[in-house]
Amino acid sequence: MVEGITFKNLVSEAFIMPLRSVLIIDDQYPTWEEIFAVKIEGASLDDAETRVATEKQWHNSATAREVTQLIRQFRAHKPGLIIDIHDGVSANRAEPKTGIETPEELADHLHQSDLLILDYNLEGPEVGTGGDTARKILASVLDNQHFNLVVVHTSENLDNVIHECLRSLLNSCVSQYPEDLQEKILILDAVIVAQEEKGIFDRSIIEDKLDMETYLAARHPAGGQMKALGEFMRGKGAFAQLNEWAKELALETAQLKTFFYWAVEQFERKYISDFCHNPSGLLAWRISENCKWLRTSRGFVCFVKKGPENLMAELETALLDWKPTPSRLISAKYRHEISRLGAEVEDTSLMQKHAYAKFYETICNPGSNDLSAEHTELLRTYRLKNHVARQSEMLSFLVEEAVADYGRKIYQADLNSGFTYREHYNVDLTKEADKKRAISEYNRYVCCLPSRKNEDGTNMSEQLDSGHIFRLGDTWWVCATPACDLQPGQSIIAFNKGGDTSLRPFTAIKLYRSGPDTLTHHHINSGSYCYVEYLDEIIGLGIRPSKDDISSPAIQKVEWRTFVAERGGVINNRTLSLLEIQLEFKESSMKSERKEAEVVAKLRYEYALNYIQRIGASVSRIGLGYEAK
């Protein structure tokens, strides 16, 4: 174990050391094309592109020195970075002031680097659009599938720059107001109009009572709005002046609360075109005297004045100020190790040519010839996913020791600092409410797989599998049929095989909903319960109602039923079409009712296997003749 390791070392190993390339976007910096263009014999010196290139500031000594220092610091990084420079200028432009690339054109350049250095004013001061292109680039970068590191450097006021960027990543408060609140605001606005007509009130001075810094503090995801509303109602803190302003109207308490939302709406009107319609996920930020940054689920952005000798150090300082959790550090390290070893492991594993030749044969011919084309394709997809799962398991197995070593470094550094890293989670496990929520979320995390989403945010189609938990009406069920029996082409269980191969019988165990607070450690450790998230709430599901499950939670008998899945068991948009069989004859046939089940979650394999075993234990139990008092 390395002694004397610090949080700075951990952050550097997770985020800085993995960097391999940097892309600099600045309209005044030289590109490879224009550097070599002047050396081409017979090249025209009068076209628009050449004219713009000769007008760039890097021809001046001061800017040339700035570019050189920037490149040298990236070359000095260990390992040295691959450096590219792009000026954000369209190659086919005709006019110097109208040829800025669109964000769509720039997207072709943004995928190629680990670190993006972004000049905030790409349009040049003469255009007067004030960072509009840079904000669109930023939104594009934070919308792709990778976790990106971005340094926005500018000569402008950094507070104004980060305020503008935050507005471009947030949606307006007004767009989120419910109808009843909008109606209250309209009623209050009529009262205010009447007061304005008397000269008692003036809404035009809203920015004297509420500034951008205070507004954004109210928008912060860490309880910003509720905290702001509380301060306003008490007339304390940054909202004291707004409260004094509201008192001019002599409002009742209920109207005073509505005034807060009215004031926010009035403030937003000036900036309404700045807000976006699709806000970035998990947006958070910090604006202090020494450090300014924002982050989303897909990137981290720090804001730096042009001129520092070491941008990498500025980035590292911002990352330290962010205080990433130990979990995020481990995740970043795991991602890097997979990337670092992936090619080597891939080459080594693929040397087993006979094994992979057989694998490809199973992909080309996944089932028997009597399967329909649709079910053959389903089986092919299943086998491809199975192959990916094995490859992922192999990669994880090979990198787990390196990631575990890094985790031990985190613990050692935390030990040396007096165990302060737990504070990075902003969760106080000594508080009963936080502790209960933590246990519920942890139990759901360990038993359930994450939901699969398409790039557009819709749910991916999937095949019914063991461990799928679904809601049928008001009842809860978990599929307890082994995965191999659910594949297309497998022998039908429970029924004779009919002519419709799209029907797949399966067994499910009935589950009963319980609030996590009602479950004791006897219930939780019995193996009879699982945890899922439904309608933004963690709920417990057990094989018996918790109120009937006090004395002996670990019972053998379960309530199970056979269903028949339609369409080969394909789940579309979290909906499974099935037939519920009833012990009743209708026109000499067993009665069945077609229903739509809502698929809520999928258990991890070992937790699904637990319920499969419960079926076996339940049907093989033996009744004994004992008597109880």
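These numbers come from a predicted model, not from an experiment.

Cut-offs applied
Residues numbered from 1 in each chain as written. Predicted model: local features only at pLDDT ≥ 70, side-chain atom pairs only at ≥ 80, totals over all residues. Heavy atoms only, no water. Helix = DSSP H or I, 4+ residues; strand = E, 2+ residues; numbered from the N terminus. Buried < 20%, exposed > 50% of the residue type's maximum accessible area, 1.4 Å probe, protein only. Phe/Tyr/Trp six-rings, centres within 6.5 Å; stacked < 30°, edge-to-face > 60°. Arc of directions from axis to C-beta. Contact = heavy atoms within 4.5 Å. Expected span 1.5 Å × (residues − 1). Polar contact = N/O pair within 3.5 Å; in protein donor to acceptor, adjacent residues only side chain to side chain. Axes fitted to C-alpha atoms, helices over the stretch in contact; angles between N-to-C directions. Parallel < 35°, antiparallel > 145°, perpendicular 65-115°, else oblique. Left-handed = near helix turned anticlockwise from the far one by under 90°. Nonpolar A, V, L, I, M, F, W, Y, C, P; charged D, E, K, R; others polar.

> Give a detailed account of the side chain of Glu13, specifying residues and quantitative values.
In this structure, Glu13 sits in helix H1 (residues 7–16). Of the residues examined, Glu13 reaches a relative accessible area of 13% and is grouped as buried.

> Kindly report on the packing of aromatic side chains, identifying the contributing residues and their values.
On inspection of all chains with the given rule, the structure shows 26 aromatic pairs. Between Phe201 and Trp245, the aromatic rings sit 4.6 Å apart at their centres with planes inclined by 20°, giving stacked as the arrangement. Remark: Trp245 occurs in helix H12 (residues 240–247) and Phe201 occurs in the loop between helix H8 (179–197) and helix H9 (206–209); sequence separation between them is 44 residues. The buried category is assigned to Phe201, whose relative accessible area is 5%. The exposure class assigned to Trp245 is buried, which follows from its relative accessible area of 1%. Arranged with centres 5.8 Å apart and planes meeting at 50°, the rings of Tyr411 and Phe419 form a pair that is tilted.

> Outline unusual backbone geometry, supporting the account with residue identities and numerical values.
For Ala250, which is not a glycine, the phi torsion comes out positive at approximately 55°. Structurally, Ala250 is set in the loop between H12 and helix H13 (253–269). Notably, Lys323 is not glycine yet its phi reads approximately 60°, a positive angle. Checked against the element boundaries, Lys323 lands in the loop between helix H14 (311–322) and helix H15 (326–349).

> I'd love a proper account of H12, names of residues and values included.
Every buried residue of H12 is accounted for by Leu242, Asn243, Trp245 and Ala246. What you see down the axis of H12 is that its buried residues fit within an arc of 160°, all on one side. Summarising the contacts, the buried residues of H12 are in contact with H9, helix H11 (224–234) and H13.

> Account for helix H7 (residues 158–169), with residues named and values stated.
Taking 1.5 Å of rise per residue, the twelve residues of H7 would be expected to cover 16 Å, and the 17 Å separating its terminal C-alpha atoms lies within 8% of that figure. Within H7, nine of the twelve residues are buried, leaving the element largely enclosed by the surrounding structure. Those residues of H7 hidden inside the fold are in contact with helix H6 (132–141), strand S4 (148–154), helix H10 (212–219), strand S5 (284–287), strand S6 (292–296) and strand S7 (299–305). The opening residue of H7 is Asn157, an N-cap whose side-chain oxygen sits 3.0 Å from the backbone nitrogen of Asp159.

> I'd love a proper account of the packing of H1 against H14, names of residues and values included.
Where H1 meets H14, the axes come as close as 10 Å, and the angle between the chain directions of the two elements is 115°. Here H1 lies roughly perpendicular to H14, going by the angle between them. When you trace H1 past H14, the crossing you get is right-handed. Along its contact with H1, which presents Phe7, Lys8, Val11, Ser12, Phe15 and Ile16, the element H14 presents Met312, Leu315, Glu316, Leu319, Leu320 and Trp322. A per-class count over the contact of H1 with H14 returns nine nonpolar, one polar and two charged.

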